[in-house]
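One letter stands for each residue in the lines below.
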Amino acid sequence: MRMEEGVRRWVVDISKWDPQPPDLSFPLSFLPSHEHSSVTRFVKMEDRKRALVSRMLQYALVSDVLRIPLSEISIKRTPEGKPYVDYDKLGLGLPNFNFNVSHHGDYVAIASESVYLVGLDIVSYDIPQGETITEFIHFFASYFSSLEWDNIVNAGTSYDVLIEFYRYWSLKEAYVKAIGSGLTEELHKVEFTHTCWTNITAKVEGMPMAEWRFWLFELGERHCVSVVKGHPRSAAMNYKATLNKIDFIEDEYHQFLNLPNVDFVELSIEQLLLALQKARVGKHRS
Ligand code: COA
Ligand code: MG
């Protein structure tokens, strides 16, 4: 299988889907029973939708990339909660096939990579309620470097300040999610620099992160999504144990790092259900 085939970016706008509680049974029927409680444990429909679509995306994407029916998919979680697929990825030529999901506000998205780690994080640009923007962002000040904080507080209007804050936050979260540590302490260790949110670079504990790539995209007018891609050797211990290829020769390193970042494809709930129907009967490639 070619490495590019493991590189996917899918997004669903769940505000376009307005199900009643019984409407969830059909999509739930595609998921293994042990996943059902992670959807039904939520009381609010919005939370149920996010958890459900997250899992629908995971199973549909894994089936599509690995070309296996739903019945053969085993998605497990590390002790830190990061999902991974338990499968012979090496045999398929996608040695570190890995994915990450994020949901916030109206969007649920998934990204996958064949060799490098991928992390993503969606942030909805919610306006703080009952406090000013300045009060809200100050609560998180310790997670930012002085350079980042200067850029945030000098971004312009108070709304510009909020957006700048949310974009940095999304990148930091995407990095923590890529390595899979789940640790809040990692957030302040990474410092991002950007030019109009392109050419994003970063340092971790003062060292340039040359083996990483970063992107930030707007989703509609009120959300952003960060995608980060990094060297598998940076993975947290338990996540690293799920990977097959940690060391590369020089040529491989450049080839893998510079695999293009594909655009997000927006899927409707109907398209996602269709993908799962094909995946159930093993016709995912037809
Ligand atoms: N590493 C990477 N991904 C993880 C993960 C981990 N340790 N644990 C769970 N995930 C995945 C899951 O797929 C999850 O979705 P699912 O349960 O529907 O399958 C998805 O990430 C959730 O991501 P997102 O929607 O962006 O939620 P979040 O931003 O609230 O949470 C975590 C991201 C899971 C990494 C978060 O719980 C965490 O530990 N963050 C560390 C920093 C932190 O504490 N931030 C909050 C400060 S207020
Ligand atoms: Mg998040």
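Along each chain, numbering runs from 1 in the same order as the chain's sequence is written. Chain labels run from A onward and ligand labels from 1 onward, assigned in the order the entries are written. The predicted nature of this model means local features are confined to residues of pLDDT at least 70 and side-chain atom pairs, given and counted, to a pLDDT of 80 or more, with totals for whole chains, interfaces and linings taken over all residues. Hydrogens and water molecules were not included; the side-chain quantities draw on all heavy atoms of the structure.

Under an unreviewed UniProt entry, the chain has the name holo-[acyl-carrier-protein] synthase and belongs to Arachis duranensis.

Student: Give a description of the overall build of the chain that names residues and reports values.
Tutor: To qualify as a helix, a DSSP run of H or I must reach at least 4 residues; to qualify as a strand, a run of E must reach at least 2; elements of each kind are numbered from the N terminus. A count of helical and extended segments in the chain gives 9 helices and 12 strands. Against the globule reference of 19 Å for 286 residues, the chain gives a C-alpha radius of gyration of 19 Å, in line with a compact fold. In terms of its C-alpha atoms, the chain occupies a principal-axis envelope of roughly 55 × 50 × 30 Å. Think of it in three bands: residues with accessible area under 20% of the maximum for their type are buried, residues over 50% are exposed, and the middle band is partly exposed, with areas taken using a 1.4 Å probe on protein chains only. Counting all 286 residues of the chain, 52% fall into the buried class. Two residues qualify as a contact provided that any one of their heavy atoms is within 4.5 Å of a heavy atom in the partner residue. Partitioning the contacts of the chain with sequence separation of at least 6, the portion at a separation of at least 24 is 64%. Using a 1.4 Å probe, the Shrake-Rupley method yields the accessible areas, and only the shown protein chains count as cover for residues. Carbon and sulfur atoms provide 52% of the accessible area of the chain, an area that totals close to 13300 Å². Asp and Glu are treated as the negative residues and Lys and Arg as the positive ones, with His and the ends of the chain left uncounted. To locate a charge, the coordinates of NZ of Lys, CZ of Arg, CG of Asp or CD of Glu are taken. With 30 positive and 38 negative side-chain charges, the chain shows a spacing of 6 Å between the two charge centroids. With the radius of gyration taken over C-alpha atoms, the globule rule is written as 2.2 Å times the number of residues to the power 0.38.

Student: Describe the packing of aromatic side chains, naming the residues involved and giving the relevant values.
Tutor: Between 30 and 60 degrees the pair is tilted, below 30 it is stacked and above 60 it is edge-to-face, where a pair is any two Phe, Tyr or Trp rings, Trp via its six-membered ring, whose centres lie within 6.5 Å. Counted by the stated rule, this structure contains 21 aromatic pairs. Note on phenylalanine 97 and phenylalanine 99: the rings are 6.5 Å apart at their centroids and 45° apart in plane angle, and the pair reads as tilted. Here phenylalanine 99 falls in the buried class, since its relative accessible area comes to 1%. Ring geometry for tyrosine 143 against tryptophan 169: centres 5.4 Å apart, planes inclined by 70°, an arrangement best described as edge-to-face. Taken together, the residues tyrosine 143 in the loop between α4 (133-138) and α5 (146-153) and tryptophan 169 in helix α6 (residues 158-179) connect sequence positions 26 residues apart. Ring pairs connect the aromatic residues Tyr125, Phe136, Phe139, Phe140, Tyr143, Phe144, Trp149, Phe165, Tyr166, Tyr168, Trp169 and Trp197, which therefore count as one cluster. A ring has a charge above it when a Lys NZ or an Arg CZ is no more than 6 Å from the ring centre and no more than 35 degrees off the ring normal. In this structure, lysine 82 packs its charged tip against the face of tyrosine 239, placed 4.0 Å from the ring centre. One residue, lysine 172, lies across the ring of phenylalanine 144, its end atom 5.1 Å from the ring centre.

Student: Tell me about the pairing of strand β7 (residues 190-195), residues and numbers included.
Tutor: The pairing of β7 with strand β8 (residues 198-204) spans 5 bridges and is antiparallel. Opposite threonine 193, over in β8, you have threonine 201 as the bridge partner. What sits between the antiparallel neighbours β7 and β8 is a turn of 2 residues, in which cysteine 196 has the positive phi angle 50°. Here, any two strands with at least 2 DSSP bridges between them count as paired.

Student: Please give an account of the site of ligand 1 that cites residues and values.
Tutor: Looking at ligand 1, there are 20 residues lining it, with Ser54, Arg77, Ser102, His103 and Glu173 nearest. Polar contact criterion, stated in full: a pair of N or O atoms within 3.5 Å, where within protein one must be able to donate a hydrogen and the other to accept it, and residues adjacent in sequence count only if both atoms are side-chain atoms. Between ligand 1 and glutamate 80, the relevant distance is 2.9 Å, taken from a nitrogen atom to a main-chain nitrogen or oxygen of the residue. Within the complex, 72% of the 900 Å² of free accessible area of ligand 1 lies under protein. Here a cavity means grid points, on a 1 Å grid over the protein atoms only, where a 1.4 Å probe fits yet cannot get out; a pocket means an open set of points with protein on both sides within 12 Å along at least five of seven lines; lining residues are those with an atom within 4 Å of a point. In this description, a molecule resides in a pocket or cavity if more than half of its atoms sit within 2 Å of the grid points defining it. Using a 2 Å cut-off from the grid points, one finds that ligand 1 occupies the largest pocket. Those elements giving two or more residues to the shell around ligand 1 turn out to be α3 (45-66), β4 (98-104) and α6. The element best represented in the shell around ligand 1 is β4, accounting for 4 residues. Note that Gly is not counted as nonpolar here; it falls among the polar residues with everything else outside the nonpolar set of Ala, Val, Leu, Ile, Met, Phe, Trp, Tyr, Cys and Pro and the charged set of Asp, Glu, Lys and Arg. Of the residues assigned to the shell around ligand 1, the class counts are 4 nonpolar, 9 polar and 7 charged. If even one non-hydrogen atom of a residue comes within 4 Å of a molecule or strand, that residue is called near it.

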